[in-house]
Amino acid sequence: MMQFSMKKMLVVVFLCAYVLAAYSRGNYLHGSGGATLYVFVALLMTLLFARAVWRKPVERVWLVLLTVFAIPVSLAFAYPALINPQCQYFIDQQATEHQARQELAALFADDPAFSNLGVSTVQVKGVNVMITGSVPTESDLERLMCRVQEECDCYEMCGILWEVKVDKERESLTTQ
């Protein structure tokens, strides 16, 4: 039966926090795929640390080498722009895309006339936002365009493409 000393418990807690931090940072930077990769690397590092700590006697040289290796790997994963400044552009574009989706979703949820609208985004040289769907009347379309321009920061940061149709059947029913 294995006995846990206070030192080993602290190592386990630290390594669990390391894996959790890797997941949250990977998810923030690259989405769920990045989080999975970050957790895999963190678990690999955790396994190597655990093997070194549980060996009898603890090989301090092995722990020092792992620590020296883990520090640059952790920094590279947490702050990829330190290694490749172009990564920061990609990270910023993802944040812009996420912000645009949130702003437009909130705007569409706020008004029943916008319930048939959807948003898609694509990153080319910048973030392009495509608003698709239909609205009941021409005045709803004009109101939508004005509200997006006035209320959404994405209007200034992104290229917005409109593929919104006026539902002629609903418009004719409301004007009769």
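All of the points below concern the structure found in this document. Here the structure is a predicted model, which is why all the values come from computation and not from measurement.

Overview of the packing of helix H3 (residues 86-110) against helix H4 (residues 138-151)
Helix packing for two helices is described by the angle between their axes and how far apart those axes are.
Link 1 in the chain: Closest axis-to-axis distance for the H3/H4 pair is 11 Å, and the angle between their directions is 135 degrees. In terms of orientation, H3 lies oblique with respect to H4. For the pair H3 and H4, the sense of crossing is right-handed. Every residue of H4 that contacts H3 at Leu104, Leu107, Phe108 and Asp110 is listed here: Leu144, Arg147, Val148 and Glu151.

Let's talk about the pairing of strand E1 (residues 117-123)
Link 1 in the chain: Alignment of E1 against strand E2 (residues 127-135), held across 7 bridges, turns out to be antiparallel. The residue of E2 that forms the bridge with valine 122 is asparagine 128.

Let's talk about the pairing of E2
Link 1 in the chain: Here E1 folds back onto E2 in antiparallel fashion, the turn holding 3 residues.
Link 2 in the chain: Where E2 meets strand E3 (residues 159-166), 8 bridges bridge the pair, whose relative direction is parallel. Paired with glycine 133 across the two strands is valine 164, which belongs to E3.

Each value, and the rule that gives it
Residues numbered from 1 in each chain as written. Predicted model: local features only at pLDDT ≥ 70, side-chain atom pairs only at ≥ 80, totals over all residues. Heavy atoms only, no water. Axes fitted to C-alpha atoms, helices over the stretch in contact; angles between N-to-C directions. Helix = DSSP H or I, 4+ residues; strand = E, 2+ residues; numbered from the N terminus. Parallel < 35°, antiparallel > 145°, perpendicular 65-115°, else oblique. Left-handed = near helix turned anticlockwise from the far one by under 90°. Contact = heavy atoms within 4.5 Å. Pairing = 2+ DSSP bridges.

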